[in-house]
Amino acid sequence: MTGSRVVAVGHYQPAKVLTNDDLAAMVDTSDEWIRSRVGIRTRHVAGPDEPVDELAAHAGAKALASAGLTPADIDLVLVATSTAVDRSPNTAARVAARLGMGSPAVMDLNVVCAGFTHALATADHTVRAGAATRALVIGADKMADITDWTDRTTCVLVGDGAGAAVVEAVRPGQDAGIGPVLWGSVPEMGHAVRIEGTPPRFAQEGQSVYRWATTQLPPIARQVCERAGVAPEELAAVVLHQANLRIIEPVAQRIGAVNAVVARDVVESGNTSAASIPMALSKLVERGEITSGDPVLLFGFGGNLSYAGQVIRCP
């Protein structure tokens, strides 16, 4: 195979919306405090009867419908998540069962907030190797399950949701639609973002993450563009992990993507971890802010101080 491309995307969010004013009634915070520090206004929160695989399946079904494909057309399901409650069956297997798939390979990837871009690269490599023909790649997280809702430093950040992409091999004569991945981590700083304990709880060292993201990531993102043969000013859109508006805006500016639409879904959705990039991408496509063939930088970062990015062509 000479490459792969994203042919369709889709997203899903639970119906329940939690506003900043709702949070102010739960913890010592305010709408102004939250907006000024992280830029978030609202977030969607799943209920106890909405497991993460259900969120993932909804997003996957929408991506398949957009691609004009059936579940039987998929032979690989990759789900990026760090919030699955059960270890087996894994989330990908449960998604495949919910969608009525035949016998796809099913794998979960846990790279937390950088999970989707890692999973997308894995799907691209698998298709290129000839081990799969079409893959359903999903980022899904239910952060509500791992959040201490009495801790105002973390509960104001998070939301739940899922985003999905259908990946397939390019046809003869087509250019690859997924560029080379650049990925890595800072293992000695893994403590900066954590999901630990019983029950597991999300915690982070906010200032450390902010300094790392705003200073170390822009040159790495520019290298991603270089590997793809696309100059930053040629990008139509930049879709960063939706961690915090105060991280997204300076990082996007320092990349040099002066003509790009910058995804700011964090304002309405909060930090949805592995779901944030595919969900934000799907919304840009749905609103017509980017068109088929446009070069788009996807760049995930966060837990484990991991990062992964690639330039794709908009489906």
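This text goes with the structure placed above it.
Nothing here was measured: the structure is a model prediction, and the numbers come from that model.

Is there a simple way to explain the pairing of strand 13 (residues 295-302) in this structure?
Of all 8 residues in strand 13, 8 are buried, a share of seventy percent or more. Where burial is concerned, the two faces of strand 13 agree: the one with Pro295, Leu297, Phe299 and Phe301 and the one with Val296, Leu298, Gly300 and Gly302 are both buried. The pairing of strand 11 (residues 237-240) with strand 13 spans 4 bridges and is parallel. Bridge assignment links Leu240 to a residue of strand 13, and that residue is Phe299. Note: strand 13 against strand 14 (residues 306-313), 8 bridges, orientation antiparallel. Bridge pairing in strand 14 places Pro295 opposite Arg313. Linking two consecutive strands that pair antiparallel, namely strand 13 and strand 14, is a turn of 3 residues; a positive phi of about 70 degrees is found at Asn304 within it.

What is the right way to read the sheet that holds strand 14 from this model?
Within a beta sheet, neighbouring strands are joined by backbone hydrogen bonds and run either parallel or antiparallel to one another. Pairing in this open sheet of 5 strands is mixed, and the strands run 8-14-13-11-12 from one edge to the other. Each end of this open sheet is capped by a strand with a single partner; those strands are strand 8 (182-185) and strand 12 (261-262). Inspection of the sheet shows strand 11 paired to strand 12 by 2 bridges, in the parallel sense. By the bridge assignment, Ala237 is partnered in strand 12 with Val261.

Would you explain the sheet that holds strand 5 (residues 105-109) in this entry?
An order of 1-7-6-4-5 is seen for the 5 strands of this open sheet, with the pairing classed as mixed. Of all strands in the sheet, those with a lone pairing partner are strand 1 (4-12) and strand 5, marking the two edges. Within this sheet the neighbouring strands show an average axis-to-axis angle of 20 degrees, counted without direction. Sheet topology places strand 1 next to strand 7 (residues 160-169); 8 bridges connect them, and they run antiparallel. Residue pairing in the sheet places His11 in a bridge with Gly163 of strand 7.

Help me out: how do you make sense of the packing of aromatic side chains in this one?
Counted under the stated rule, the structure contains 2 aromatic pairs. Note on Trp212 and Phe301: the rings are 6.5 Å apart at their centroids and 70 degrees apart in plane angle, and the pair reads as edge-to-face. Residue Trp212 is found in helix 7 (residues 206-228), and its partner Phe301 is found in strand 13; the two are separated by 89 residues along the sequence. Exposure remark for Trp212: the relative accessible area of 7% places this residue in the buried category.

Could you clarify how one ought to interpret the nonpolar core in this entry?
Buried together is how nonpolar side chains tend to be arranged in soluble globular proteins. One finds Leu235, Leu240, Leu297, Phe299 and Phe301 to be the most contacted residues of the largest nonpolar core, which totals 49 residues. By residue number, the principal contributor to this core is helix 7, which donates 8 residues. If sequence neighbours within four positions are ignored, Leu240 has contacts with Ile248, Val251, Ala252, Ile255, Ile277, Phe299 and Phe301.

Quick question: what am I supposed to make of the packing of helix 3 (residues 52-67) against helix 4 (residues 91-99) here?
To describe two helices that pack against each other, one gives the angle between their axes and the distance between the axes. Look at helix 3 against helix 4: their axes get within 9 Å of each other, and the N-to-C directions meet at 55 degrees. In terms of orientation, helix 3 and helix 4 fall into the oblique class. The two elements helix 3 and helix 4 cross, and the hand of that crossing is right-handed. Contacts from Val52, Asp53, Glu54, Ala56, Ala57, Ala61 and Leu64 in helix 3 reach Thr91, Arg94, Val95, Arg98 and Leu99 in helix 4. Across the contact of helix 3 with helix 4, the residue classes tally to 7 nonpolar, 1 polar and 4 charged.

What should I look at first to understand helix 3 in this one?
Given 3.6 residues per turn, any residue in an α-helix points the same way as the ones three and four places further on. For helix 3, built from 16 residues, the straight-helix expectation of 22 Å at 1.5 Å per residue is met to within 8% by its first-to-last C-alpha distance of 23 Å. Those residues of helix 3 that fall on the buried side of the exposure criterion are Val52, Asp53, Glu54, Leu55, Ala56, Ala57, Ala59, Gly60, Ala63 and Leu64. Tucked into the core, helix 3 has its buried residues touching strand 1, helix 4, strand 6 (134-142) and strand 7.

How should helix 4 be read in this particular structure?
By the burial criterion, the buried members of helix 4 are Thr91, Ala92, Val95, Ala96 and Leu99. Buried residues of helix 4, seen end-on, are gathered within an arc of 140 degrees and therefore sit on one face of the element. The positive-phi residue at the C-terminal boundary of helix 4 is Gly100, with phi of around 70 degrees.

Explanation requested: the environment of Arg222 in the structure shown.
With respect to the secondary-structure elements, Arg222 resides in helix 7. Accessibility expressed as a relative area gives 34% for Arg222, which makes it partly exposed. Taking the C-alpha atoms as reference points, Arg222 and Ala25, 197 residues apart in sequence, are found 42 Å from one another. For Arg222, the contacting residues outside a window of four places in its chain are Pro232, Arg254 and Ile255.

Basis of the calculations
- Residues numbered from 1 in each chain as written.
- Predicted model: local features only at pLDDT ≥ 70, side-chain atom pairs only at ≥ 80, totals over all residues.
- Heavy atoms only, no water.
- Buried < 20%, exposed > 50% of the residue type's maximum accessible area, 1.4 Å probe, protein only.
- Helix = DSSP H or I, 4+ residues; strand = E, 2+ residues; numbered from the N terminus.
- Pairing = 2+ DSSP bridges.
- Axes fitted to C-alpha atoms, helices over the stretch in contact; angles between N-to-C directions.
- Phe/Tyr/Trp six-rings, centres within 6.5 Å; stacked < 30°, edge-to-face > 60°.
- Core = buried A, V, L, I, M, F, W, Y, C linked by side-chain atoms within 4.5 Å.
- Contact = heavy atoms within 4.5 Å.
- Parallel < 35°, antiparallel > 145°, perpendicular 65-115°, else oblique.
- Left-handed = near helix turned anticlockwise from the far one by under 90°.
- Nonpolar A, V, L, I, M, F, W, Y, C, P; charged D, E, K, R; others polar.
- Expected span 1.5 Å × (residues − 1).
- Arc of directions from axis to C-beta.

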